[in-house]
Amino acid sequence: MAAIPVGALEQSADWEVPEQQIGLWQDAWHRFRRNRLAIVGATVVLLLVVIAITAPLLVHFKLIPDPYTQQVENIEVGPVTAGHLLGTDELGRDTFSRLLYGSRVSLAVGILVQFIILPIGLGIGLAAGYFGGRIDNILMRFTDIWYAFPDLLFVLVVVSVFQQYTFGNVIAQMVMIFGAIALVNWVGLARLVRGQVLSIKEKEFIEAARSSGSPPMKLILKHLLPNSLGPIIVTLTFGIPQAIFLEAVLSFIGFGIQPPTPTWGQMVNSGYESIYANPSSVVFPAIAIGFTLLAFSFIGDGLRDALDPRMRR
């Protein structure tokens, strides 16, 4: 029997053991987990979500005081005084429990606003980028005009006009604020999606799909949108702290959720006048706002690095 060359055996062994392939999302998840700041941010956000969900249960089982109960004998007491972990405000309400309840409003505003922005920005960006020409020109000029309005001023006008119709109804107030913040924040997403579509639609696989007779809607939903998801996810993540901060500003100047529903910006506003006598009523909600914004920013940075193809090793 003729001898088999050793080189042939090595080549056959190479063919029999193919190199393991790692998908984009799996690789992104591995790189996201290696980012320590992103993991810290995700942990903080997860803790805030748990707090927001369990806050009513903690009050129900009397593990924390009711955030609406006023104790006139304990007005503006300091931390760890008379059974109040973080002290009380100017009406004797527990600061810690109001912080926990305020997280529900901040998280709801930050996350739900993105769900309103997403279809608006996606629809305008996809249509402008794919169809081009006159449609692109009309949609982008409309976007430029909308972008010219100052964000905070536009939100103040919308809220002040509709505030009289939502007075006393917390759900209606939140919906109004969600809509007002979303109306001024969809422009960036629309521009991003348009740029992504313009760069992707000239690729070879798009030309091949178009030549095979795929309709425009199928091209958009099956090819253009999935290949643009990375930057879209990062943009939405960075949009969450922006919405939270804008809601806090509105509450601070008296145009946000109306009392007695607690919000972090409203707590800073109510404790501002007595900041020297009782700084804890301002410091703790300000710290909560700062840590929440930092947590979402860390997550956004981690997602940006994880979903960037140039960062793959």
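Residues numbered from 1 in each chain as written. Predicted model: local features only at pLDDT ≥ 70, side-chain atom pairs only at ≥ 80, totals over all residues. Heavy atoms only, no water.

> Looking at this structure, how should I read the packing of helix H4 (residues 95-131) against helix H10 (residues 229-252)?
Helix-helix packing is characterised by the crossing angle of the two axes and by the distance between the axes. Running from N to C, H4 and H10 point in directions that differ by 130°, and their axes come no closer than 8 Å. One element, H4, and the other, H10, form an angle in the oblique class. By crossing handedness, the relation of H4 to H10 is classed as right-handed. Where H4 abuts H10, its residues Val 105, Ser 106, Val 109, Gly 110, Ile 111, Val 113, Gln 114, Leu 118 and Leu 122 lie against Ile 232, Leu 236, Gly 239, Ile 240, Ala 243, Ile 244 and Glu 247. Considered class by class, the residues forming the contact of H4 with H10 number eleven nonpolar, four polar and one charged. (Axes fitted to C-alpha atoms, helices over the stretch in contact; angles between N-to-C directions. Helix = DSSP H or I, 4+ residues; strand = E, 2+ residues; numbered from the N terminus. Parallel < 35°, antiparallel > 145°, perpendicular 65-115°, else oblique. Left-handed = near helix turned anticlockwise from the far one by under 90°. Contact = heavy atoms within 4.5 Å. Nonpolar A, V, L, I, M, F, W, Y, C, P; charged D, E, K, R; others polar.)

> Looking at this model, I keep getting lost on the environment of Ala 190. Mind explaining?
You can see Ala 190 is positioned in helix H7 (residues 170-200). When the C-alpha atoms of Ala 190 and Gly 125 are compared, they prove to be 4.3 Å apart, with 65 residues separating the residues in sequence. Every residue in contact with Ala 190, bar those within four places of it in the chain, is listed here: Gly 121, Ile 124 and Gly 125.

> Would you explain helix H6 (residues 151-162) in this entry?
Every α-helix winds through 3.6 residues per turn, so residues three or four apart in the chain are directed the same way. Counted at 1.5 Å a residue, the expected span for H6 with its twelve residues is 16 Å, and the 17 Å between its end C-alpha atoms agrees. For H6, the full list of buried residues reads Phe 154, Val 155, Val 158 and Val 159. One side of H6 holds all its buried residues, which, seen down the axis, span an arc of 125°. (Expected span 1.5 Å × (residues − 1). Buried < 20%, exposed > 50% of the residue type's maximum accessible area, 1.4 Å probe, protein only. Arc of directions from axis to C-beta.)

> I'm lost on the pattern of salt bridges in this one. Help?
Any two side chains of opposite charge can pair, given that their charged atoms come close. Overall, the coordinates contain nine salt bridges when judged by the stated rule. With a shortest N-O distance of 2.7 Å, Arg 194 and Asp 136 are connected by a salt bridge. A residue pair is termed long-range when its members are at least 10 positions apart, and Arg 194 in helix H7 and Asp 136 in helix H5 (residues 133-148) qualify at 58 residues. Judged by its relative accessible area of 24%, Arg 194 falls in the partly exposed class. Given the relative accessible area of 11%, Asp 136 is considered buried. As a salt-bridge pair, Arg 191 and Asp 144 come within 2.7 Å of each other at their nearest N and O atoms. Separated by 47 residues along the polypeptide, Arg 191 in helix H7 and Asp 144 in helix H5 bring together distant segments of the chain. When its relative accessible area of 29% is taken as the criterion, Asp 144 is described as partly exposed. Via salt bridges that share partners, Asp 89, Glu 90, Arg 93 and Arg 98 belong to a single interconnected network. (Salt bridge = Lys/Arg side-chain N within 4 Å of Asp/Glu carboxyl O.)

> Got a minute to help me understand a nonpolar patch on the surface in this structure?
On the surface, Leu 153, Val 157, Val 161, Phe 162 and Tyr 165 cluster together into a nonpolar patch covering about 520 Å² of accessible area. Note on placement: Val 157 falls in helix H6. When its relative accessible area of 43% is taken as the criterion, Val 157 is described as partly exposed. (Patch = residues over 30% accessible without salt bridge, like charges linked within 9 Å, V, L, I, M, F, W, Y side chains within 5 Å. Areas by Shrake-Rupley, 256 points an atom, 1.4 Å probe, with all protein chains shown as cover.)

> Which parts of the structure should I look at to understand the packing of aromatic side chains?
Two aromatic rings, taken as a pair, are described by how far apart their centres are and by the angle between their planes. Tallied over the full model, the rule gives nine aromatic pairs. Look at Phe 149 and Phe 154: their rings are 5.8 Å apart centre to centre, the planes differ by 50°, and that puts the pair in the tilted class. Taking the relative accessible area as the measure of exposure, Phe 149 reaches 43% and is therefore partly exposed. With a relative accessible area of 19%, Phe 154 lands in the buried category. Members of the aromatic cluster, connected to one another through ring pairs, are Phe 142, Trp 146, Phe 149, Phe 154 and Trp 186. Against the face of Tyr 101 rests Arg 104, its NZ or CZ located 5.3 Å from the ring centre. (Phe/Tyr/Trp six-rings, centres within 6.5 Å; stacked < 30°, edge-to-face > 60°. Lys NZ or Arg CZ within 6 Å of the ring centre and 35° of its normal.)

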